[in-house]
Amino acid sequence: MFIGSNNKLNINEIKDVKTNIDQKLNNDDKVNGILCQLPLPKHLDEKAVIELYKYELKCDKMFLEIVLGKEGKVKKTYSDELKLYINKTHKYMITRMRLMYAYYLLIEKDEAKALKEKAAFEKACLRYPDLGEIKNEKALMEYIDSIHKNNMEATKNTEINDSMEADTNEETVEKEA
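Residues numbered from 1 in each chain as written. Predicted model: local features only at pLDDT ≥ 70, side-chain atom pairs only at ≥ 80, totals over all residues. Heavy atoms only, no water.

Notes on the confidence of the model for the chain
Residue-level pLDDT values for the chain average 81, and 69% of them are 70 or greater. Residue range residues 1-15 is modelled with pLDDT below 50. Its contacts to residues more than four positions away, or to other chains, number 27 contacts. (pLDDT = per-residue confidence, 0-100. Contact = heavy atoms within 4.5 Å.)

Examining unusual backbone geometry
Non-glycine residue Lys 109 carries a positive phi angle of around 55°. On the secondary structure map, Lys 109 appears in the loop between α5 (94-107) and α6 (111-127). (Helix = DSSP H or I, 4+ residues; strand = E, 2+ residues; numbered from the N terminus.)

Some details on α5
A rise of 1.5 Å per residue sets the reference length of α5, with its 14 residues, at 20 Å; its end C-alpha atoms lie 19 Å apart and thus fit the reference within 8%. Counting buried residues along α5, 14 of its 14 residues qualify, which places the element largely inside the surrounding structure. Following α5 by one or two positions, Lys 109 has its phi on the positive side, about 55°. (Expected span 1.5 Å × (residues − 1). Buried < 20%, exposed > 50% of the residue type's maximum accessible area, 1.4 Å probe, protein only.)

Thoughts on the side chain of Thr 95
Checked against the element boundaries, Thr 95 lands in helix α5. Overall, Thr 95 belongs to the buried group, its relative accessible area being 14%. With sequence-adjacent residues up to four places away left out, Thr 95 is seen in contact with Glu 133 and Glu 137.

Some points on the packing of aromatic side chains
According to the stated counting rule, one finds three aromatic pairs in the structure shown. Each ring, one from Tyr 55 and one from Tyr 85, has its centre 4.7 Å from the other, and the planes form 15°; the classification is stacked. Taken together, the positions of Tyr 55 in helix α2 (residues 46-67) and Tyr 85 in helix α4 (residues 80-89) put the pair 30 residues apart, joining distant regions of the chain. Across the pair, exposure class does not vary: Tyr 55 and Tyr 85 are buried alike. An aromatic cluster is built from Tyr 78, Tyr 103 and Tyr 104, whose rings are joined through pairwise contacts. Looking at Lys 58, its charged tip hangs above the ring of Tyr 55, at a distance of 5.4 Å from the centre. (Phe/Tyr/Trp six-rings, centres within 6.5 Å; stacked < 30°, edge-to-face > 60°. Lys NZ or Arg CZ within 6 Å of the ring centre and 35° of its normal.)

Examining α2
Every α-helix carries 3.6 residues per turn, so stepping three or four residues along brings you back to the same face. Taking 1.5 Å as the rise per residue, α2 with 22 residues should run 32 Å; its terminal C-alpha atoms sit 32 Å apart, in good agreement. Of the residues that open α2, the one with a side-chain oxygen 3.2 Å from the backbone nitrogen of Lys 47 is Asp 45. After α2 finishes, the residue Gly 69 shows a positive phi value of roughly 75°. (Polar contact = N/O pair within 3.5 Å; in protein donor to acceptor, adjacent residues only side chain to side chain.)

A closer look at the packing of α2 against α5
Running from N to C, α2 and α5 cross one another at 30°; their axes reach a closest spacing of 10 Å. You can see that α2 and α5 cross each other, and the crossing is left-handed. Contacts between α2 and α5 involve Glu 56, Cys 59, Met 62, Phe 63 and Ile 66 from the first element and Arg 96, Arg 98, Leu 99, Ala 102, Tyr 103, Leu 106 and Ile 107 from the second. The class makeup of the residues in the contact of α2 with α5 is nine nonpolar, no polar and three charged. (Axes fitted to C-alpha atoms, helices over the stretch in contact; angles between N-to-C directions. Left-handed = near helix turned anticlockwise from the far one by under 90°. Nonpolar A, V, L, I, M, F, W, Y, C, P; charged D, E, K, R; others polar.)

Structural notes on the nonpolar core
Residues Met 62, Ile 66, Ile 86, Ile 94, Leu 99, Tyr 103 and Ile 144 are the most contacted members of the largest nonpolar core, which totals 32 residues. Contributions of two or more residues to this core are made by α2, α4, α5, α6 and α7 (131-176). Excluding its chain neighbours within four sequence positions, the residues that come into contact with Ile 66 are Val 74, Leu 99, Ala 102, Tyr 103, Leu 106 and Ile 107. (Core = buried A, V, L, I, M, F, W, Y, C linked by side-chain atoms within 4.5 Å.)

Looking at the pattern of salt bridges
Any two side chains of opposite charge can pair, given that their charged atoms come close. For the structure shown, the criterion picks out seven salt bridges. The partner of Arg 98 in a salt bridge is Glu 137, with the nearest N and O atoms 2.5 Å apart. Remark: Glu 137 occurs in helix α7 and Arg 98 occurs in helix α5; sequence separation between them is 39 residues. Note on accessibility: Arg 98 and Glu 137 belong to one class, buried. Here Glu 108 ties to Lys 113 by a salt bridge, and the two come within 3.3 Å at their closest N and O atoms. Owing to a relative accessible area of 34%, Glu 108 belongs among the partly exposed residues under this scheme. (Salt bridge = Lys/Arg side-chain N within 4 Å of Asp/Glu carboxyl O.)

Here it is, written out as C-alpha cells:
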C-alpha cells in the first residue's frame, strides 16, 4: 500500500534526509514503504533525495567490491564522505551493519570489530520492522561468513604449502653440500 503524505520533511542536507524520513514515516502504521518517483512533491528536495540514492548505491557498490575481494577499489570507494554517511545511517539500518561487518571481517581482517558489528546487527534485528529485509540481510551475513571461512582455509593451505616447499629447499641444499 502506498500512502501519500503532505508532511513537510524540512530536508536541508543530504545527511539529514534519511533521518527525517525515518523519524516522520518509519513509525507511522499507515506507511509500510517509501516509493521515490520523480518528479517529487514540492515539499521534498529532489536534489537531496537523489543524493541519498547516490550514497545508497555507493554502499551497495562497496559491499560488492568487498565480497569480490577488490580491496583496492574498496579503499577508493570508502571515502571520508561515504564514511560520514555510513556513520549517520549506521544506527538504524541493518544493511549498514552488514556492510561494516563485511568490511571489518574481510578487508580489515579484524574479527573483534566484526563480532561486535554482528552482535549489534543481531540486536537490531530484534526490533527491526521489515522481516523480509532481516531474512535477506541474514543470508548475506552467512555469505560473508562463508567467504571468510574460505579465505581462512586458503591461507592455511598456502602456509602449509610454503612450509613444505621450504623443507624441500632445505633438503636440496643439504644434499648438494
